[in-house]
Amino acid sequence: METAPKPGSDVPPKKDRPQAKRKKPRRYWEEETTPTAAGASPGRPRKQKNREPRPQKSKSAPIQKKPRFSRKPQVLKKPQEWKSPGPQRSLSGAQDPFAGPAPVPVEVVRKFRRIDKSKKLPPSKSKAQSRLEAAEAEEEEISVKAARSELLLAEEPGFLEGEDGEDTARIRQADIVEAVDIASAAKHFDLNLRQFGPYRLNYSRTGRHLALGGRRGHVAALDWVTKKLMCEINVMEAVRDIRFLHSEALLAVAQNRWLHIYDNQGIELHCVRRCDRITRLEFLPFHFLLATASETGFLTYLDVSVGKIVAALNARAGRLDVMTQNPYNAVVHLGHSNGTVSLWSPAMKEPLAKILCHRGGVRAVAVDPTGTHMATSGLDHQLKIFDLRGTFQPLSARTLPQGAGHLAFSQRGLLAAGLGDVVNIWAGSGAASGPSLERPYLTHRLAGHVHGLQFCPFEDVLGVGHSGGVTSMLVPGAAEPNFDGLESNPYRSRKQRQEWEVKALLEKVPAELICLDPRALAEVDVVSLEQEKKERIERLGYDPEAKAPFQPKPKQKGRSSTASLVKRKKKVMDEEHRDKVRQSLKQQQQQKQEKAKPTGARPSALDRFVR
C-alpha cells in the first residue's frame with residue numbers, strides 16, 4: 001500500500017500524472033520574447049513591426065553638439081486679445097441669461113466705502129505706492145461684498161411721512177397703532193401704577209427685557225415683548241434709580257440709603273454700603289463698571305466683575321442728580337447747578353473738560369450713540385445741541401415754553417425730551433447730522449409728569465416712566481432695524497448668554513483706557529515717555545539705557561597686546577568725537593539760516609547798514 005508523500009519531502013511526483021509547465025512571469029525590465037517552445041501556452045499571435053536597424057556611428061567620427069540657441073530668426077507672436085466669455089451653457093445646452101456676478105448699485109457701494117477715491121494718492125516711494133494701491137483694491141472688494149450682503153438685512157428703517165404737507169406731530173399714537181401690523185401694535189401699552197409712582201425704567205442691551213423702579217419701593221423686571229414677569233418685589237424703601245448690569249440676570253437698584261444688587265428672581269445678592277445715598281446710576285458695558293452719583297458730590301466707579309471700587313472722585317460741585325455716559329468713549333457727563341457739564345474718567349482725578357452750557361442749573365444731559373453730539377437742558381428753558389468733536393461749541397438752540405427735565409437719544413439720532421406731561425421728539429436728516437430743533441417729529445401727552453426716558457434698542461419704541469406708571473410709545477425710525485447676533489441677540493438662550501458672558505469678560509477693557517479720544521490709544525505718548533525716563537535717571541543716578549563704552553574684544557595668536565587694544569579703543573573714540581562735531585556744525589548752520597530769514601516784516605533798503 002503506497003502512502004502519499006508529505007509536502008516538502010524530496011519524493012518525485014508520480015509519472016502517471018503529467019504536470020503542466022508553469023510560465024515564468026516576465027519582469028518589467030525584461031524584453032518580451034515570442035513563444036517558440038513546444039510547451040508554450042497557445043495564444044493570439046502578435047504582429048511584429050519591421051524595424052530598420054539603426055546606423056552605427058564610428059568611434060573615430062567627431063560628435064556634433066547641438067547649439068543652445070537656434071539660428072532661425074525668431075518671429076514675435078502677436079498678443080492675444082482678451083475676449084469676453086460668452087454666455088455659459090448648461091448640460092442641457094440652454095444659455096444662462098444672467099451670466100457672471102450680479103451687478104451692485106454704485107450708490108450702495110459708495111455707502112460702505114471708507115476711502116475717498118476722488119483724492120489722489122500722495123507722491124511716495126514705489127513700495128509705499130504699491131501698498132496703498134493694494135489697500136485701495138482690498139477696500140473696494142470689501143465694500144462690494146458688504147453691498148452684496150446688505151440683501152441679507154431683512155429690515156429697513158422707516159419714518160412717518162405726512163400726506164400733502166401734513167405735520168407728523170399731529171399724528172396720535174392711536175392712529176399709528178391702527179396703521180401698523182398686530183405684532184407692532186402689541187408693543188404699545190400703558191401700565192397704570194399710580195400708587196407706586198413716579199417710575200424710573202431701563203432696557204437691557206438686547207432690548208428684550210425691561211426693569212421698573214417706583215419711588216415707593218416697587219421693583220419689577222419683565223420680558224416686555226411677551227409680557228412675561230420675571231420678578232416683582234417691594235423693597236420697602238425709596239427707589240431712586242434702576243439699571244441692568246451686563247446681562248438681564250443682574251439688576252442694580254439705588255435705594256434710599258445704599259446700593260443693592262438683585263438677580264432676575266428678586267433675590268438680593270449684594271449690599272454695597274460704600275456707595276450710599278445714590279441718586280443716579282450708569283453702567284459701562286465694555287468695562288464692567290457701574291458709575292454712581294451721590295448726594296455728597298462723589299462719583300464712584302464699581303467694577304462688578306471683581307466687586308471692587310476702582311475710583312471715588314469728588315466733583316466738588318454739590319449734589320449730583322444729572323448724569324449720563326457717552327457710548328462712544330465711556331466718558332461720564334455730569335450736570336451741575338452752576339450751568340456747567342463736566343466730563344470724567346476713572347483714570348483722572350480732575351475732569352477731562354468743563355463746558356459752560358446754561359446760565360442756570362443743568363436739568364438733563366444726553367449723548368448720541370456716535371459720541372458727536374450732546375443735548376443739554378437747563379433752568380433757563382434752553383435746549384442746546386453741542387459738538388463733542390473737540391470744539392465743544394453749541395450747534396443749535398431752542399427756547400422751550402417749559403424746560404425739559406429729561407432727555408434721551410435713539411440709535412438713529414432721534415432726540416426725545418420730557419416737558420412736564422408732554423413728550424416731544426425731534427428728528428434730523430441723518431444719524432451723523434444731529435437732530436433738527438425747528439419742528440418736532442412726534443408729540444404725545446401722558447397721564448403724569450415724566451420722570452424717565454429711554455429708547456429701546458433695536459425696536460421703534462420709547463419707554464416713558466411717569467407719575468402714573470409706564471408708557472410704551474411707538475416711534476417709527478428710532479432704532480437700528482438689524483442687530484448683531486454675536487453681540488446683542490434678543491433671542492439667545494441661557495447657554496448662549498453664558499458663553500457671551502465668558503467672552504465679554506475675556507475682552508474686558510481696563511478702566512485706565514477711558515479717555516476723550518479712543519484713537520489716541522494707538523499713538524505713542526512721547527512727552528510722558530520722556531518724563532518717565534528723566535524721573536528714572538534721577539531716581540537711579542545714571543541712565544540705564546545709555547550706550548556702554550566700547551570695550552575691544554581680545555584676539556588670539558598674540559594680537560591682543562595692550563598697545564593694540566588701546567589703539568582700537570582710541571580709534572572708536574575718535575570716530576564718535578567726529579560724529580558729535582559734525583552734528584554740532586549742522587546745528588550751527590541751521591541756526592544761522594533761521595536768523596538770516598526775515599521775521600515777517602517787509603525788507604528795507606537800510607537793512608544793509610544793520611550790523
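Residues numbered from 1 in each chain as written. Predicted model: local features only at pLDDT ≥ 70, side-chain atom pairs only at ≥ 80, totals over all residues. Heavy atoms only, no water.

## Points about the overall build of the protein chain
Per the secondary structure count, the protein chain includes 7 helices and 28 strands. Burial statistics for the protein chain: of 611 residues in total, 34% are counted as buried. Excluding contacts between residues fewer than 6 apart, the proportion of contacts in the protein chain whose partners are at least 24 apart in sequence is 45%. (Helix = DSSP H or I, 4+ residues; strand = E, 2+ residues; numbered from the N terminus. Buried < 20%, exposed > 50% of the residue type's maximum accessible area, 1.4 Å probe, protein only. Contact = heavy atoms within 4.5 Å.)

## Some details on the pattern of salt bridges
Enumeration according to the criterion identifies 22 salt bridges in this entry. We note a salt bridge from Lys508 to Asp303, for which the minimum N-O separation is 2.8 Å. Separated by 205 residues along the polypeptide, Lys508 in the loop between α5 (494–506) and α6 (526–540) and Asp303 in strand β12 (residues 298–303) bring together distant segments of the chain. Linking Arg316 and Glu350 is a salt bridge whose minimum nitrogen-to-oxygen distance equals 3.8 Å. Here the residue Arg316 occupies a position in the loop between β13 (308–314) and β14 (323–325), and Glu350 occupies one in the loop between β16 (340–344) and β17 (353–356), the gap between them amounting to 34 residues. What makes Arg316 exposed here is its relative accessible area of 62%. Salt bridges sharing partners connect three or more residues here, namely Arg240, Arg277, Glu295, Arg319 and Asp321. (Salt bridge = Lys/Arg side-chain N within 4 Å of Asp/Glu carboxyl O.)

## A look at the side chain of Glu248
Within the secondary structure layout, Glu248 lies in the loop between β6 (239–244) and β7 (250–255). A distance of 3.5 Å separates polar atoms of two side chains, one belonging to Glu248 and the other to Arg492. Those residues in contact with Glu248, other than ones at most four positions away along the chain, are His209, Met230, Asn264, Arg492 and Arg497. (Polar contact = N/O pair within 3.5 Å; in protein donor to acceptor, adjacent residues only side chain to side chain.)

## A few points about the UniProt feature "repeat: WD" (unreviewed entry) in the protein chain
Mapped onto the present numbering, the UniProt feature "repeat: WD" (unreviewed entry) falls at residues 355–389. Helix makes up 0% of residues 355–389 and strand 57%. Its end C-alpha atoms lie 13 Å apart. (UniProt positions renumbered as here; feature names shortened; annotations may be inferred.)

## A few points about the sheet that holds strand β3 (residues 209–214)
The antiparallel open sheet is built from 4 strands, whose spatial order is β2-β3-β4-β5. Each of the sheet's edge strands pairs with one partner strand only, and the pair in question is β2 (199–203) and β5 (228–234). The average undirected angle you get between the axes of adjacent strands in this sheet is 15°. Bridging between β2 and β3 involves 5 bridges; their strand directions are antiparallel. If you follow Leu201 over to β3, its bridge partner there is Leu212. (Pairing = 2+ DSSP bridges. Axes fitted to C-alpha atoms, helices over the stretch in contact; angles between N-to-C directions.)

## Structural notes on the pairing of β16
Within β16, 5 of the 5 residues are buried, which leaves it mostly tucked inside the rest of the structure. Here β16 shows a buried face lined by Thr340, Ser342 and Trp344 and a second buried face lined by Val341 and Leu343. For strand β15 (residues 332–335) and β16, the ladder comprises 4 bridges, and the chain directions are antiparallel. Of the residues in β16, the one forming a bridge with His333 is Leu343. The hairpin turn running from β15 into β16, its antiparallel successor, is 4 residues long, and Gly339 in that turn takes a positive phi close to 90°.

## Quick notes on the packing of aromatic side chains
Each aromatic ring pair is summarised here by two numbers: the centre-to-centre distance and the angle between the ring planes. Tallied over the entire structure, the rule returns 4 aromatic pairs. Residues Phe159 and Tyr441 carry aromatic rings whose centres are separated by 5.9 Å and whose planes lie at 75° to one another, so their mutual orientation is edge-to-face. With Phe159 in the loop between α2 (126–149) and α3 (173–179) and Tyr441 in the loop between β24 (422–426) and β25 (442–445), this pair connects stretches of sequence that are 282 residues apart. On the accessibility criterion, Phe159 (39% relative accessible area) is partly exposed. The buried category is assigned to Tyr441, whose relative accessible area is 7%. Both rings, one in Tyr203 and one in Trp224, keep their centres 6.1 Å apart while their planes meet at 75°; by these two values the pair is edge-to-face. (Phe/Tyr/Trp six-rings, centres within 6.5 Å; stacked < 30°, edge-to-face > 60°.)

## Focus: the environment of Trp224
Following the sequence through the fold, Trp224 ends up in the loop between β4 (218–223) and β5. It is 9.7 Å that separates the C-alpha atoms of Trp224 and Ser472, two residues lying 248 residues apart in sequence. A distance of 2.9 Å separates a polar side-chain atom of Trp224 from the backbone oxygen of Gly207.

## Describing α6
The α-helix advances 3.6 residues per turn, and as a result positions three or four apart in sequence lie on the same side. Here α6 is 15 residues long and its end C-alpha atoms lie 21 Å apart, about the 21 Å a rise of 1.5 Å per residue gives. Two residues or fewer after α6 comes Gly541, characterised by a positive phi angle close to 90°. (Expected span 1.5 Å × (residues − 1).)

## Quick look at the confidence of the model for the protein chain
It should be kept in mind that the predicted coordinates are not to be read in detail where pLDDT is low. For the protein chain, per-residue confidence averages 82 on the pLDDT scale, and 79% of positions sit at 70 or higher. In the predicted structure, residues 34–43 sits below a pLDDT of 50 and forms 2 contacts with residues beyond four places in sequence or in another chain. (pLDDT = per-residue confidence, 0-100.)

## Some remarks on the pairing of strand β20 (residues 382–387)
Burial of β20 is extensive: 6 of the 6 residues sit out of reach of the surface. Of the two faces of β20, the one holding Gln382, Lys384 and Phe386 and the one holding Leu383, Ile385 and Asp387 are both buried throughout. As consecutive antiparallel partners, strand β19 (residues 373–378) and β20 are separated by 3 residues, and within that stretch His381 has a phi angle of approximately 65°, a positive value. Sheet topology note: the β20/strand β21 (residues 394–399) ladder contains 5 bridges and is antiparallel. Directly across from Phe386, in β21, lies its bridge partner Pro394. Here β20 folds back onto β21 in antiparallel fashion, the turn holding 6 residues, of which Gly390 has a positive phi close to 100°.

## Comments concerning the sheet that holds β19
The sheet built from 4 strands is open, its strands ordered β18-β19-β20-β21 with antiparallel pairing. Looking at the sheet topology across the chains shown, the edges are occupied by β18 (362–367) and β21. Across the sheet, the mean angle from the axis of one strand to that of its neighbour is 15°, orientation sign disregarded. Judged from the 5 bridges that link them, β19 and β20 form a sheet pairing that is antiparallel. The partner of Ser377 across the bridge, within β20, is Leu383.

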